[in-house]
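So you can see what is in the structure, the chains are spelled out below.
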There are 2 protein chains.
Amino acid sequence: MVFCMQGKIVISLDAMGGDNAPDAIVYAADRACQELSDIHFIIYGKEAEVAPILKGLPRLSQYAQFIPTISAVNDDDKPVQALRNGIESSMRKAIDAVANKSAHACVSAGNTGALMVMAKKALGELPGIKRPAIIGVFPNRQNGTVILDMGANSECDENILLQFAHMGTCFARAVLEKEKPSVGILNIGTEEVKGRVLEKNANSLFKQCPHLNYIGFVEGHHVTNGEVDVVVTDGFTGNIAVKFSEGTAKLCMDILKDTFNTNWYTKLGGVVLKPFLQKNFSEIDPSHKNGAMFIGVNGIVVKSHGSSGIKRNLSAIKVAYALAKQEINEKIITELGSLKKDNIGYDIVSKIKKTFGMES
Amino acid sequence: MVFCMQGKIVISLDAMGGDNAPDAIVYAADRACQELSDIHFIIYGKEAEVAPILKGLPRLSQYAQFIPTISAVNDDDKPVQALRNGIESSMRKAIDAVANKSAHACVSAGNTGALMVMAKKALGELPGIKRPAIIGVFPNRQNGTVILDMGANSECDENILLQFAHMGTCFARAVLEKEKPSVGILNIGTEEVKGRVLEKNANSLFKQCPHLNYIGFVEGHHVTNGEVDVVVTDGFTGNIAVKFSEGTAKLCMDILKDTFNTNWYTKLGGVVLKPFLQKNFSEIDPSHKNGAMFIGVNGIVVKSHGSSGIKRNLSAIKVAYALAKQEINEKIITELGSLKKDNIGYDIVSKIKKTFGMES
């Protein structure tokens, strides 16, 4: 591969995505330069909005080139509409930079659906991958748990889940820095009889995989307690699980805030406790490992949360940097190659032929 | 129906179920007598354990009869095993009391799987019901949201979801005391294109039902915010959603407790805030509306949480009392009758025949 900047990790940024764009993206890039000396940015965005910010950031200018774009994808654009009309948008240009190998990875806090459709179109799937998935880190008091699919594929079969397991393993190695991450299938109980046909079939299949550190079925509390490193499920279930957790955490935080605001001495109690609460809750702060990846496409595309401020965008940039530095996609290809060699899961027809001695 | 106690609501109690049995169940019954003058209990349990507690509760003795049983279902018994070996258990006897119309409703904090299998065997389904479901109240800062199925049926079709919607409506009327509860289908987005085939088909079907206050697709935050009264989904998704919420709430509470225990002045802050926190978090305390019902069987069976103390068991008893008083099952039969009259959803074959003019 030929990249434009020898020895540098190049990140293409959609400066126009998310509620706090472009400021929160551009300032995050500036902070990243302070921490990572071998990073370089290509920033895409509207000149009138981005150029004035860049002017005030002399350090970033040394680490970045700015390429003005004429349009931006809106949050409420339908994905297909964005694909059709957004050829000149900052989001599309940032993805194209990865496609034409000007950048190692792209980061956007914009419209998720549009980002996925554009990434699939511009980058294509990795060789052998059936379905790209949305992968991210569920925050807990351990190191966090990698979860996929968080919403790209509502319906899956066991072979797709097996690919998710291998992609999740590679992602956990790069982002959680675990050499042999444990993998579980999300289910409604840990006994082998539990679950749908999908979970039972996947369980049989996963047990055949020597390359996977498969620990069996896991439940919600294994994820919230951080007792598993990678949890796989279909995109419907994963999305529901993550959203219920977000909703419940917000509910608890709202009640906590209202309690502090009850009267003058609860306010005082709040002042005393606030720094300790901030420190302790930062353990499960999604900012730590912000950045969901659209994994399985032929290029690194990281989605920062739409409401991200500088801190969370910085975290997404660091995730993209780690994934690029670790060459996640090359590792996925190697991982899937070994699976093919063992003849597990992928080519059902040839497997049946082999089992029944029908091979030519 | 002939009940043994004219004018009383009779509850059969499995005194041996749950982590804190029999004390937490029997004391809860005593507390219920204080609040509900027309309640009566039939208490089933081992004589050596239950009789000494009853001796110390003279009030309860006026409101209850005690029937000693020789065995109890264990928490780790497999459902089929409990069904075969548990004929003489306190759990089975309590269910049988509902089956032979000695009691209006049964309450147990014991083994959920065993309770479901026994209830199905001893009571059978309500006429016309395809699949009984586990129904309960998801706590939020509004009145709570009724959710079903929480785990009885991992895989469902849209006709089953429609029955869930009607059963959920009847349950919400009885337990949340809402005349026209709103109903949503749990999904990964609110737009009509979102979700699996199941959600799309169910959406089309629900829209044809004039008897349902159907508001469309809902997401996790609609439930945690209390923006919908009844949410329906398959038992796999419902179980995962509830467990992720429980896990997340526990995670937040653990962090809060650890923060209070940091040093002497956080402890002091904790002392100041504790009564206000308790008051505010009691809004979402599952004790309020504890008691999941196995809905769709021909009798009222309420499951109290296995770890329940007196307060939560009391809440489960009150839920059983309300469901019996409101004659929930008679209302479900009426509700489903009106659906049949409108020829919606239930009998696909005759519907197709009607549509294509093939009726004889």
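Refer to the structure printed above.
Model, not experiment: these values are computed from the prediction.

Trainee: Break down the overall build of chain A for me, citing the residues and quoting the values.
Mentor: On a plain count of helices and strands, chain A comes out with 14 helices and eleven strands. Expected size for 360 residues packed as a compact globule is a radius of gyration near 21 Å; at 22 Å, chain A falls within 12% of this value. With the C-alpha coordinates of chain A rotated into their principal frame, the extents come out at 70 × 60 × 35 Å. Long-range contacts, defined as pairs at least 24 residues apart, comprise 72% of the intrachain contacts of chain A with a sequence gap of at least 6.

Trainee: Run through the sheet that holds strand 1 (residues 9-14) of chain A, naming residues and quoting values.
Mentor: All names here are of chain A. The eleven strands lie next to each other as 3-2-1-4-11-10-5-6-9-7-8, forming an open sheet whose pairing is mixed. Of all the strands in the sheet, just strand 3 (64-68) and strand 8 (213-218) have a single pairing partner and so form its edges. Each neighbouring strand pair of the sheet contributes to a mean axis angle of 25°, computed without reference to strand direction. Note that strand 6 (residues 145-148) and strand 9 (residues 230-232) share three bridges and pair parallel. By the bridge assignment for strand 9, I147 is matched with V231. Sheet strands touched by helix 10 (residues 235-260): strand 5 (133-138), strand 6 and strand 7 (182-186). Its angle to strand 6, the strand with the most contacts, is close to 130°.

Trainee: Could you give an account of the nonpolar core, with specific residues and numbers?
Mentor: One finds I11 and A320 of chain A together with I11 and A320 of chain B to be the most contacted residues of the largest nonpolar core, which totals 220 residues. At eleven residues, the largest contribution of residues to this core is made by helix 7 (residues 158-175) of chain B. When sequence neighbours within four positions are dropped, the list of residues in contact with I11 of chain B reads I39, F41, A103, H104, A105, V107, I317, A320 and Y321 of chain B. If you look at the next biggest cluster of nonpolar residues, it comprises eight residues, including L251 and C252 of chain A together with C252 and L256 of chain B.

Trainee: How would you summarise the sheet that holds strand 5 (residues 133-138) of chain B if you had to cite specific residues and measurements?
Mentor: Paired through backbone hydrogen bonds, the strands of a sheet run either parallel or antiparallel to each other. Residue and element names in this part refer to chain B. Here we have eleven strands laid out as an open sheet, ordered 3-2-1-4-11-10-5-6-9-7-8, and mixed in their pairing. The sheet terminates laterally at strand 3 (64-68) and strand 8 (213-218), the two strands that pair on one side only. Averaged over all adjacent pairs, the angle separating strand axes in this sheet is 25°, with direction ignored. Running over the sheet, helix 6 (residues 112-123) touches strand 4 (105-108), strand 10 (292-295) and strand 11 (300-303) and is turned about 175° from strand 11.

Trainee: Quick rundown of the pairing of strand 8 of chain B? Include the residues and the values.
Mentor: As a general feature of sheets, a regular strand has side chains that alternate between the two faces. All names here are of chain B. Two strands pair when backbone bridges link them, and strand 7 (residues 182-186) and strand 8 are joined in this way by five bridges, in the parallel orientation. Of the residues in strand 8, the one forming a bridge with V183 is Y214. On the question of chirality, the crossover connecting strand 7 to the parallel strand 8 by way of helix 8 (residues 197-206) is right-handed.

Trainee: Residues and numbers for the packing of helix 10 of chain A against helix 10 (residues 235-260) of chain B, please.
Mentor: For the pair helix 10 of chain A and helix 10 of chain B, the least separation of the axes is 8 Å and the interaxial angle reads 35°. Crossing angle aside, the handedness with which helix 10 of chain A passes helix 10 of chain B is right-handed. Along its contact with helix 10 of chain A, which presents T237, I240, A241, F244, S245, T248, A249 and C252 of chain A, the element helix 10 of chain B presents T237, I240, A241, F244, S245, T248, A249 and C252 of chain B.

Reading the values: rules and limits
- Residues numbered from 1 in each chain as written.
- Chains lettered and ligands numbered in written order.
- Predicted model: local features only at pLDDT ≥ 70, side-chain atom pairs only at ≥ 80, totals over all residues.
- Helix = DSSP H or I, 4+ residues; strand = E, 2+ residues; numbered from the N terminus.
- Rg over C-alpha atoms; globule rule 2.2 N^0.38 Å.
- Contact = placed C-beta atoms within 7 Å.
- Pairing = 2+ DSSP bridges.
- Axes fitted to C-alpha atoms, helices over the stretch in contact; angles between N-to-C directions.
- Core = buried A, V, L, I, M, F, W, Y, C linked by C-beta atoms within 7 Å.
- Buried ≥ 20, exposed ≤ 12 C-beta atoms within 10 Å, placed from the backbone.
- Right-handed = clockwise from strand over helix to strand, strands pointing away.
- Left-handed = near helix turned anticlockwise from the far one by under 90°.

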